[in-house]
Amino acid sequence: MKSIGKLRIINKQPYLLLSHYDMCAIQHIVDLAPQEAQWWHRVERIEEDEVVAYRLYEMYIPEQYCSGAEVESDPMMMVNFYKTLKEEHGQEKANEILQTMQAWCHSHHNMAPNPSGQDIKQFKEQCENALEQGNNDPQIMLIFNKRNEYYCRIWDPEVGLVFENVEMIVGNYDFSWIDEKAKTNFK
């Protein structure tokens, strides 16, 4: 027997939410990087009715080794990254930032944004590390390229699911105040 369609989850539709600013920042780093590059975003899980949204905010770029086919931050680079966060924000805030940096992003330059075996391995380790630390928050892997394509994988232990290729919604600016002023001030 063969299914007549692709698997769909009817009662919980996931979305990625980004501000216009954060999307422009992602496009800028992808355009700027001469090879692969990696960065992190903080993540907030939002659930309303039948929708689960994962809001990405605040970009963090650690020191890294970049090449045409891979990118890596060694342990000392990550220690230095933490020290910088601590100097800029204080220890408590630096710890909070690290605990909510659950969206690992990287670029594939001009290649397709499909995950490599190493990407899948690294994301699996990210999820396992979160569990070991008692972190039950969603973990996200995003891969972008210079052709404005992306790949997404989200593991959400709260719902016990892994989502792939989740739709990204870029937030708009709220101009409702202009609408109200127009009603009263445009004669």
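Residues numbered from 1 in each chain as written. Predicted model: local features only at pLDDT ≥ 70, side-chain atom pairs only at ≥ 80, totals over all residues. Heavy atoms only, no water.

In this section: helix α2 (residues 75-89). Across its 15 residues, α2 extends 21 Å between first and last C-alpha, which sits within 8% of the 21 Å expected from 1.5 Å per residue. Looking at α2, one finds that the buried residues are M77, F81 and L85. On an axial view of α2, the arc spanned by its buried residues comes to 80°, and they lie on one face. Pointing more than 90 degrees away from the buried face of α2 are the exposed residues P75 and E87. Contacts from the buried residues of α2 go to β3 (51-60), β4 (65-66), β5 (71-72) and α3 (91-100). G90 sits one or two residues past α2 and shows a positive phi near 85°. (Helix = DSSP H or I, 4+ residues; strand = E, 2+ residues; numbered from the N terminus. Expected span 1.5 Å × (residues − 1). Buried < 20%, exposed > 50% of the residue type's maximum accessible area, 1.4 Å probe, protein only. Arc of directions from axis to C-beta. Contact = heavy atoms within 4.5 Å.)

Moving on, we come to the nonpolar core. Residues L16, Y54, I140, L142, F144 and I154 are the most contacted members of the largest nonpolar core, which totals 21 residues. Of all elements in the fold, only β1 (13-18), α1 (20-32), β2 (38-48), β3, β6 (103-107), β7 (139-144) and β8 (150-156) reach the threshold of two or more residues within this core. If we ignore the near neighbours within four places in the chain, the residues touching L16 are Y54, L56, I140, L142, C152, I154, V166, E167, M168 and I169. In terms of nonpolar packing, the next biggest core, distinct from the first, is built from 14 residues, L85, I97, C127 and W155 among them. (Core = buried A, V, L, I, M, F, W, Y, C linked by side-chain atoms within 4.5 Å.)

Looking now at the packing of aromatic side chains. Summed over all chains, the structure comprises 3 aromatic pairs. Where Y60 meets F81, the ring centres are 6.4 Å apart and the plane angle is 75°; that geometry is what we call edge-to-face. Taken together, the residues span a long stretch of sequence, with Y60 in strand β3 and F81 in helix α2 at a distance of 21 residues. Comparing Y60 with F81, the two get one shared label, buried. A connected cluster of aromatic rings, assembled from ring pairs, spans W39, F144 and Y150. Positioned above the aromatic ring of Y57, the side-chain terminus of R55 is 4.3 Å from the ring centre. (Phe/Tyr/Trp six-rings, centres within 6.5 Å; stacked < 30°, edge-to-face > 60°. Lys NZ or Arg CZ within 6 Å of the ring centre and 35° of its normal.)

Right, let's talk about the pattern of salt bridges for a bit. According to the stated counting rule, one finds 12 salt bridges in the structure shown. Here E128 and K124 are joined by a salt bridge, their closest N and O atoms 3.3 Å apart. Of this pair, E128 and K124 both sit in helix α4 (residues 117-132), 4 residues apart, which is roughly one turn of the helix. (Salt bridge = Lys/Arg side-chain N within 4 Å of Asp/Glu carboxyl O.)

A few words now on the packing of α2 against α3. Taken N-terminus to C-terminus, the directions of α2 and α3 make an angle of 130°; their axes are 7 Å apart at the nearest point. Between α2 and α3, the crossing angle belongs to the class labelled oblique. When you trace α2 past α3, the crossing you get is right-handed. Residues F81, Y82, L85, K86 and H89 of α2 pack against Q91, K93, A94, N95, I97 and L98 of α3. Per-class residue counts for the contact of α2 with α3 are 6 nonpolar, 3 polar and 2 charged. (Axes fitted to C-alpha atoms, helices over the stretch in contact; angles between N-to-C directions. Parallel < 35°, antiparallel > 145°, perpendicular 65-115°, else oblique. Left-handed = near helix turned anticlockwise from the far one by under 90°. Nonpolar A, V, L, I, M, F, W, Y, C, P; charged D, E, K, R; others polar.)

Attention shifts here to the confidence of the model for the protein chain. Confidence in the prediction for the protein chain averages 87 pLDDT; 93% of positions are at 70 or higher. β5 is the least confidently modelled element of the protein chain, averaging 71 in pLDDT, while β7 averages 96, the highest of any element. (pLDDT = per-residue confidence, 0-100.)

When you line up the elements, H109 lands in the loop between β6 and α4. Between the alpha carbons of H109 and Y151 there is a distance of 13 Å; along the sequence they are 42 residues apart. Looking at H109, its side chain comes within polar contact range of the side chain of N110, at 3.1 Å. (Polar contact = N/O pair within 3.5 Å; in protein donor to acceptor, adjacent residues only side chain to side chain.)

A few words now on the state of the cysteines. Counted by the stated rule, this structure contains 0 disulfides. Free cysteine: C105, not disulfide-bonded; nearest cysteine sulfur from C152 at 8.9 Å. On the accessibility criterion, C105 (0% relative accessible area) is buried. Unpaired in terms of disulfides, C127 finds its nearest cysteine sulfur in C152, a separation of 12 Å. Overall, the relative accessible area of 10% leaves C127 in the buried class. (Disulfide = S-S within 2.5 Å.)

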